[in-house]
Amino acid sequence: MSLSPTMLPTLKAREVKVAPEIPISKTLPFWEGLKQGKVMTTKCRKCGKIYFPPVADCGECLSSDMEWLELSGEAEIEAFTHIVVRPLTFMNERPYTVAIGRLKEGIRVVAWLTDFKKSEVKVGVKAKLKAFVTPDGNIMYVFTRPD
Amino acid sequence: MIFEVVKCVKKVAIIGAGCSKFGERNDVTVAELAFEAFKPAVEDAGITPKDIEFVAVGTAGAGAWYEENLPAVIVSEYCGLSGAGLMRCEAACASGSAAFASAYWAVASGQVDVALAIGVEKMRQIDTLTMVEFIGRAGCYLWEFHNFGLTFPGYYAMHATAHMAKYGTTEEDLALVAVKNHKYASMNPIAHLRNRVTVEEALSSPVIAWPLKLYDCCPITDGAAAVILASEEAVKKFKVEDPIWVAGLGSACGTANLSKRKDYVGLESTVIAAQQAYKMASITPNIVDVACVHDCFTIAEIMAYEDLGFCKKGEGPKLIREGQTEVGGKIPVNVDGGLKAKGHPIGATGIAMLYELTKQLRGEAVERSRQVPLKNYIALAHNVGGTGHYCYVTILKR
Ligand SMILES: [Zn+2]
């Protein structure tokens, strides 16, 4: 028996640690592309719809015949937020800005917005999507200043 | 995609409603908390547990933020409901409404005469940052959380920046929603946060996900709510004096990925669900006497005014500035304190709205000071799951 934060008696449940293995076989070119600095996505060969995130199957026409293409990365920011209160697994990060950018290709991407001063971050600002591998080996993509 | 509303369904009434005290409820288990809503609902209806043929339990965090993985049967056993048909419903923060819809369909179809919709959530058994993690994962984990740590306040904060950019909505406008809803929570004995706040206090509270600050966000709350639904035959059989009829029900979902929405100044799922509900009830938004809308964050209430048709798109801030959503205003909204201050126990919220509206339509609001004047005896509940990932709109009529 222990005491809850409200000082009432409680029992601690058995602890489990859970980290599911997420299959990426069907979106592998995306994850491999990031390592080469490319942001790849899929386009339906049958109906022509471009997807982001990339998908193996088309929800519009139900075809599974997809082709991979590299995105321009040229984006305009449509919405953003500066996140201060971070989730448990992001506690070691400094507060970060998450944005939704609309790409030239007509699709939208959610990613961190970096390199901008807070005062410069506005709806309508132009940004460039960039892919890279972090020093600790994470494959990542973010919005940065356009070249 | 709007389906023609099927008119051959049977009429369904709410004949009993109950709600637990909302707050940090470390004194009770999920079943004990559910019982606090169940018992008054059954007593209000004048029935016994044995009269209930079908049970839908709305709850979202089973096995994640509280210990029971499959809580529906834990709740039904505890409430003496063994033998009834049973399911658990999940639609994120609209899980309660999903349970209500399932119970409604069970009665409307003629399958059963008496059904229970009960929502319950235990959110205070784990630490806050783990809770922020779980709720943040509740959009699209792989594409929006895994790399970017989007939080639930963050999702709505992005709608706030888009709304501010397009319509000139201000942080003060958002604060006004908090001020109003805290005021009504201070008059609601079951509310979680019963303190009143000022615009200045709201604006100077710590930033959670800019532009949203602490007072723009609903608290993390434990709570339960229950309603008993009955067919016209059952209403007669149990001699219910004041049935509250379900006049309209609409539901729709949005995309899982926020990146697939067409804009960020409203929730399309709300618009679609509302159109269905208005059409089924054969009403227009301007004759609604009172509404409970999904104000998990202050910006959500402003968007709801617009998406539900209480005002034109972009005019939500004007409605709150003019006090039109207060008791006595054009359309009183969240006069129970809303999710913002009454609290938002995810699975219970949708049913807690129906509890409040049932009381309002009967003229039984506690305290009396927040009873709305009734002209058309029509009320509307709007319950969103996630950030427009799910939406249910329910219209009640006395
Ligand atoms: Zn296609």
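Let me sum up the structure you'll find in this document. (Residues numbered from 1 in each chain as written. Chains lettered and ligands numbered in written order. Predicted model: local features only at pLDDT ≥ 70, side-chain atom pairs only at ≥ 80, totals over all residues. Heavy atoms only, no water.)

### Brief notes about the side chain of Q360(B)
All names here are of chain B.
Then, number 1: Looking at the secondary structure, you find Q360 in helix α14 (residues 346-361).
Then, number 2: The class of Q360 is buried, set by a relative accessible area of 0%.
Then, number 3: At 3.0 Å, the side chain of Q360 and the backbone oxygen of R370 are in polar contact.
Then, number 4: Once residues within four sequence positions are removed from consideration, Q360 is found in contact with V290, V335, A365, R370, Q371, V372 and L374. (Helix = DSSP H or I, 4+ residues; strand = E, 2+ residues; numbered from the N terminus. Buried < 20%, exposed > 50% of the residue type's maximum accessible area, 1.4 Å probe, protein only. Polar contact = N/O pair within 3.5 Å; in protein donor to acceptor, adjacent residues only side chain to side chain. Contact = heavy atoms within 4.5 Å.)

### Quick look at the pairing of strand β8 (residues 108-113) of chain A
Side-chain positions along a regular strand alternate between the two faces of the sheet.
All names here are of chain A.
Then, number 1: A large share of β8 lies buried, amounting to six of its six residues.
Then, number 2: Where strand β7 (residues 96-103) meets β8, five bridges bridge the pair, whose relative direction is antiparallel. Bridged to G101 within β8 is V109.
Then, number 3: Counting the residues between successive antiparallel strands, the hairpin from β7 to β8 contains four residues, one of them, G106, with a positive phi of roughly 95 degrees.
Then, number 4: The pairing of β8 with strand β10 (residues 139-144) spans two bridges and is classified as parallel. The residue bridging L113 from the neighbouring strand is F143, located in β10. (Pairing = 2+ DSSP bridges.)

### Quick notes on the coordination of the zinc ion
Residues and elements named next belong to chain A.
Then, number 1: With distances of 2.3 Å, the protein atoms coordinating the zinc ion are C44 (SG), C47 (SG), C58 (SG) and C61 (SG).
Then, number 2: Each of the four donor atoms around the zinc ion contributes to a set of angles spanning 102 to 118 degrees, which defines the coordination as tetrahedral.
Then, number 3: Counting the intervening residues between successive donors of the zinc ion yields the motif C-x2-C-x10-C-x2-C. Of the two residues, C47 sits in the loop between β3 (40-44) and β4 (50-51) while C58 sits in the loop between β4 and β5 (66-70), which places them eleven residues apart along the sequence.
Then, number 4: Judged by its relative accessible area of 39%, C47 is partly exposed.
Then, number 5: Overall, the relative accessible area of 2% leaves C58 in the buried class. (Donors = N, O, S within 2.8 Å, 3.2 Å for Na, K, Ca; no water. Tetrahedral: all angles 85-135°; square planar, octahedral: opposite > 155°, others 65-115°.)

### A short note on the environment of A162(B)
Then, number 1: Residue placement: A162(B) occurs in helix α6 (residues 152-167).
Then, number 2: Under the relative-accessibility criterion, A162(B) is labelled buried at 8%.
Then, number 3: If we skip the residues at most four places from it in the chain, A162(B) touches E78(A), A79(A), V123(A), Y264(B) and V265(B).

### Describing the pattern of salt bridges
Residues and elements named next belong to chain B.
Then, number 1: For the structure shown, the criterion picks out 29 salt bridges over all chains.
Then, number 2: K183 is paired through a salt bridge with E326; the nearest N and O atoms lie 2.6 Å apart. Note that K183 is positioned in helix α7 (residues 171-185) and E326 in the loop between α12 (316-321) and α13 (338-342), a separation of 143 residues in sequence. Each member of the pair, K183 as well as E326, is classed as buried. (Salt bridge = Lys/Arg side-chain N within 4 Å of Asp/Glu carboxyl O.)

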